[in-house]
Amino acid sequence: MPQTVEITPGDLTLAQLRDLHRRRRSVALPEGARGAIAAGAAAVARIVARGVSVYGVNTGFGKLAQQRIATDQLERLQRNLVLSHATGTGPLLADEVVRLVLALKIASLAQGHSGVRPEVVAALAELLARDALPCVPAQGSVGASGDLAPLAHVAAALIGEGEIRLKGRRWPAADALRQVGLAPLALGPKEGLALLNGTQVSTALALAGLFAVEDAFAAAVAAGSLSVDASRGSDTPFDARIHALRGHPGQRDVASVYRRLTHASPIRDSHVDCDKVQDPYSLRCQPQVMGACLDQIRYAAGVLEREANAVSDNPLVFPQTDDVLSGGNFHAEPVALAADALAVAVAEVGSLSERRIAMLVDPTLSRLPPFLVADPGINSGFMIAHVTAAALVSETKQMAFPASVDSIPTSANQEDHVSMATHGARRLGAMAENVAGVVAIELLAAAQGIEFQRPLASSPPMEELMALIRAKVAPWGEDRYFAPDIAAIKAMVRAGTLRRFTEGLLPSDGPGFADP
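Below you will find a few notes about this structure. Every chain is numbered independently, its residues counted from 1 as its sequence is written. Residues qualify for local features only when their pLDDT is at least 70, as the model is predicted, and side-chain atom pairs are given and counted only at 80 or more; totals for whole chains, interfaces and linings, by contrast, use all residues. Hydrogens are left out, water is left out, and the side-chain values use all remaining heavy atoms of the structure.

1. Some remarks on the overall build of the protein chain
Part 1 of the argument: Per the secondary structure count, the protein chain includes 20 helices and nine strands.
Part 2 of the argument: In summary, the protein chain has a C-alpha radius of gyration of 26 Å against a globular reference of 24 Å for 516 residues, a match within 12%.
Part 3 of the argument: Seen through its principal axes, the protein chain has C-alpha atoms that stretch 85 × 50 × 45 Å.
Part 4 of the argument: Residues counted as buried form 55% of the 516 residues belonging to the protein chain.
Part 5 of the argument: By the convention used here, residues are in contact when the closest approach between their heavy atoms is within 4.5 Å. Considering only intrachain contacts with a sequence separation of at least 6, the fraction spanning at least 24 residues in the protein chain is 78%.
Part 6 of the argument: We score Asp and Glu as negative and Lys and Arg as positive, and we do not count His or the chain ends. Each charge is placed at NZ for Lys, CZ for Arg, CG for Asp and CD for Glu. The averaged location of the 53 negative side-chain charges in the protein chain is 2 Å from the averaged location of its 47 positive side-chain charges. Working definition: helices are DSSP H or I runs of at least four residues, strands are E runs of at least two. Numbering for both runs from the N terminus. All radius of gyration figures rest on C-alpha atoms, and the globule criterion is 2.2 Å times the number of residues raised to 0.38. The cut-offs for exposure are 20% and 50% of the maximum accessible area for each residue type, with area from a 1.4 Å probe on protein chains only; residues under the lower value are buried, those over the upper are exposed, and the others partly exposed.

Next comes the structure, spelled out in structure tokens:
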């Protein structure tokens, strides 16, 4: 069994969410949570007993909300809702995303405003604990009325329908439940709707994207610092006095990291009085560009942390008064806009990194051997590695167009504006993957540039970075099969290994996060 962590509904931190995404965990709720859940379920039971017509409890759904459903048909209503909405298509969501979806759904339902019984929350927690993961197709949600189709596949698994991934293979859900000692749930009033409604899939995808973007960002800051010394650039542009006059918090904060990473470099000391007046923007303007990206990452992180702690299904139950209120918390516009901000930011991180690679391989700018190889001509060196970086950057730019500006009416125009948050968030994984590849190539190129500065050393942090790179990849003496070198350093970027160089800078680094 995995390690159990206690989560407090409404009080999850980004650090906890990153841990839940990166490691297999089971979750436990605090003592008072069961009472809150039961109170919501009791309120729904009282409403049903009174025969009051309430959307989602004893009515149809969407355009069919005016259809009243008889009490003896309420279980069938919820089951039919789940089965009819399980319309997802495309590749399955990754296991780590599904685990995060389950944890977010548990945290939302456990606040007691969704009207489900404690048994429903307990069943979700058991799936997570047993690593019995519903097979959830990635496509089919427009990010409004909740992530209906993908969450229907989660709910279907609870009632023994669809498929579950268990022990490395896909099983019919009923078989998988039996293997882990669970019985299919019979859904009570509103429970199917509560499971389907909500932004948990969009939010889980956006959080996964955020964490991958953070990893790429941290690696790019480290790579950019190494590129400064590799090209005998200046650290003057990182001076705190420059950034104090601009005032942007991200710019100030990231400039302080560049100062720390480049401080006390013998390479820098060796050319203080050189004839070069100014460096290219890809070196000189790193604090301004990366700082602006950091501000966007922090904005998105704040939105996603709040959304992870939200109750986003509909209608919402208020047990103290037995009010059931229909609203629109399921509309994922906040997630969509946050995902778009992350998409633009990570595209810019990759773009700046590619420009530094182009600078390093160009002897007129870097004053290094052409394409970073000692015997050019017979050796091509980093020539086509830069082409790969350019291809990745161009592909990433194409994915950066805002998803949130698109909307298409659904459900016979009842749902006439939608957020497109789900695929807006889903693309972040591919974008961060591309940028991790670009930054990996820069790290290799910058490390090769440092080799041409030997026997001079770089700063202590950059020598630590060089040791990490050289533990995976040898210096480039002559042409060899290149792809494994890129893959090795890219794996280091994706694993978050280089976050040590920016510790405390990124939103999910610490125990909690609030907007600056």
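Continuing now.
2. Quick notes on empty space enclosed by the protein
Vacant regions in the atomic arrangement are exposed by a probe of water-molecule size rolled over the atoms.
Part 1 of the argument: Any residue with an atom within 4 Å of a point lines the site, the site being either a cavity, points on a 1 Å grid over the protein atoms alone where a 1.4 Å probe fits but cannot get out, or a pocket, an open set with protein on both sides within 12 Å along at least 5 of 7 lines. Grid points are joined across faces, edges and corners, and a volume is the space filled by probe spheres set on the points. In total, this model carries two cavities of 30 Å³ or more according to the counting rule given.
Part 2 of the argument: Empty space within the largest cavity amounts to approximately 40 Å³.
Part 3 of the argument: For the largest cavity, the full set of lining residues is Phe382, Leu444, Gln448, Arg470, Val473, Ala474, Pro475, Trp476, Arg480, Phe482 and Asp485.
Part 4 of the argument: Its volume calculated, the second largest cavity comes out at about 30 Å³.
Part 5 of the argument: Around the second largest cavity, the lining residues are Leu20, Arg23, Arg25, Arg99, Leu100, Ala103 and Leu128.

3. What to know about unusual backbone geometry
Part 1 of the argument: Here the residue pair Asn314 and Pro315 is connected by a cis peptide bond, since its omega of -5° sits within 30 degrees of zero.
Part 2 of the argument: Each neighbour pair has its own omega, and for Arg454 with Pro455 the value is 15°, a cis peptide bond.
Part 3 of the argument: For Pro455, the position within the fold is in the loop between helix H18 (421-451) and helix H19 (460-470).
Part 4 of the argument: If you check the backbone angles, Leu372 has positive phi at about 65° while not being a glycine.
Part 5 of the argument: By secondary structure assignment, the location of Leu372 is in the loop between helix H16 (363-366) and helix H17 (383-399).
Part 6 of the argument: The backbone phi angle of Met420 is positive, close to 60°, even though this residue is not glycine.
Part 7 of the argument: Assignment of secondary structure puts Met420 in the loop between H17 and H18.

4. Looking at the packing of aromatic side chains
Describing an aromatic ring pair means giving the distance of the ring centres and the angle of the ring planes.
Part 1 of the argument: Aromatic rings from Phe, Tyr and Trp, with only the six-membered ring used for Trp, were paired whenever their centres fell within 6.5 Å, and each pair was classed as stacked if the ring planes differed by under 30 degrees, edge-to-face if by over 60, and tilted otherwise. Within the structure shown, the criterion is met by four aromatic pairs.
Part 2 of the argument: In this structure an aromatic cluster arises from ring pairing among Phe382, Trp476 and Phe482.
Part 3 of the argument: We count a charge as sitting over a ring when the NZ of a lysine or the CZ of an arginine lies within 6 Å of the ring centre and within 35 degrees of the ring normal. The lysine or arginine in question, Arg169, covers the ring of Trp171, its NZ or CZ lying 3.6 Å from the ring centre.

5. Concerning the packing of H17 against H18
Part 1 of the argument: Geometry is summarised by axes, namely lines fitted to C-alpha atoms with helices restricted to the contacting stretch, and by angles between N-to-C directions that run from 0 to 180 degrees. Taken N-terminus to C-terminus, the directions of H17 and H18 make an angle of 155°; their axes are 9 Å apart at the nearest point. In this view, H17 runs roughly antiparallel relative to H18, as classed from their interaxial angle. Once H17 is placed against H18, the crossing between them reads as left-handed. Along its contact with H17, which presents Ala385, Thr388, Ala389, Leu392, Val393, Glu395, Thr396 and Met399, the element H18 presents Arg427, Ala430, Met431, Asn434, Val435, Gly437, Val438 and Ile441. Geometric relationships in this document are graded by angle, where less than 35 degrees denotes roughly parallel, more than 145 denotes roughly antiparallel, 65 to 115 denotes roughly perpendicular, and other angles denote oblique. Crossing handedness is defined as follows: a turn of the near helix away from the far one that is anticlockwise and smaller than a right angle gives a left-handed crossing, while the clockwise case is right-handed.

6. Here's the deal with the pattern of salt bridges
Part 1 of the argument: Any carboxyl oxygen of Asp or Glu within 4 Å of a side-chain nitrogen of Lys or Arg constitutes a salt bridge here. As enumerated under the stated definition, the model contains 32 salt bridges in all.
Part 2 of the argument: The closest approach of N and O atoms between Glu214 and Arg499, which form a salt bridge, is 3.2 Å. You can see Glu214 sitting in helix H9 (residues 200-230) and its partner Arg499 sitting in the segment after helix H20 (483-494), a full 285 residues away along the chain. Per residue, the accessibility class of Glu214 equals that of Arg499, and both read buried.
Part 3 of the argument: For the salt bridge of Glu464 with Arg500, the shortest nitrogen-to-oxygen distance reads 3.4 Å. Placement of Glu464 in helix H19 and of Arg500 in the segment after H20 is noted, with a sequence separation of 36 residues between them.
Part 4 of the argument: Here Glu464 falls in the partly exposed class, since its relative accessible area comes to 38%.
Part 5 of the argument: Each of Arg18, Arg22, Glu214, Asp215, Arg499 and Asp509 takes part in salt bridges that share partners, so that together they form one network.

7. Observations concerning the nonpolar core
Part 1 of the argument: We define a nonpolar core as any set of buried Ala, Val, Leu, Ile, Met, Phe, Trp, Tyr and Cys residues linked to one another through side-chain atoms lying within 4.5 Å. The biggest cluster of nonpolar side chains holds 161 residues, and the ones touching the most others in it are Leu207 and Phe217.
Part 2 of the argument: Ranked by residues supplied to this core, first place goes to H9 with 20 residues.
Part 3 of the argument: Apart from the residues within four sequence positions on either side, Leu207 is in contact with Leu14, Leu17, Leu100, Leu104, Leu304 and Ala308.

8. Some details on the pairing of strand E1 (residues 3-6)
Part 1 of the argument: In this analysis, strands are considered paired if DSSP registers two or more bridges between them. The sheet contact formed by E1 and strand E2 (residues 25-28) spans four bridges and is parallel. For Glu6, the partnering residue across the bridge sits in E2 and is Ala28.
Part 2 of the argument: Here, the term right-handed applies to a crossover whose path from the first strand over the helix to the second runs clockwise when the strands point away from the viewer. Handedness of the β-α-β unit built from E1, helix H1 (residues 14-22) and E2 comes out right-handed.

9. Remarks on the packing of helix H4 (residues 95-109) against helix H5 (residues 118-130)
For any two helices packed against each other, one specifies the inter-axial angle together with the distance between the axes.
Part 1 of the argument: For the pair H4 and H5, interaxial distance at closest approach is 10 Å and the crossing angle is 155°. Classified by the angle their axes make, H4 and H5 are roughly antiparallel. H5 is crossed by H4, and the crossing has left-handed handedness. Contact with H4, carried on its side by Arg99, Leu102, Ala103, Lys105, Ile106 and Leu109, involves Val120, Val121, Leu124, Ala125, Leu127 and Leu128 of H5 and no other residues of that element.
Part 2 of the argument: When the residues that make up the contact of H4 with H5 are grouped by side-chain class, the tally is ten nonpolar, no polar and two charged. For this scheme, ten residues count as nonpolar: Ala, Val, Leu, Ile, Met, Phe, Trp, Tyr, Cys and Pro. Four count as charged, namely Asp, Glu, Lys and Arg, and the remainder, Gly too, count as polar.

10. Let's talk about the environment of Ile106
Part 1 of the argument: Note on placement: Ile106 falls in helix H4.
Part 2 of the argument: Exposure remark for Ile106: the relative accessible area of 1% places this residue in the buried category.
Part 3 of the argument: Taking the C-alpha atoms as reference points, Ile106 and Ala206, 100 residues apart in sequence, are found 18 Å from one another.
Part 4 of the argument: Sequence-distant contacts of Ile106, defined by excluding residues within four places in its chain, comprise Ile7, Val27, Leu29, Val121, Leu124, Ala125 and Leu128.

11. Some remarks on H17
Part 1 of the argument: In this scheme, a helix's expected span is set at 1.5 Å multiplied by one less than its residue total. For H17, with 17 residues, the first-to-last C-alpha span of 25 Å sits near the 24 Å given by 1.5 Å per residue.
Part 2 of the argument: Within the sequence span of H17, burial applies to Ala385, His386, Ala389, Val393 and Thr396. One side of H17 holds all its buried residues, which, seen down the axis, span an arc of 100°. In H17, those exposed residues whose orientation departs by more than 90 degrees from the buried face are Ile384 and Gln398.
Part 3 of the argument: Among the structural elements, helix H15 (333-361) and H18 are those in contact with the buried residues of H17. As used here, the arc belongs to the directions running from the helix axis to the C-beta atoms.

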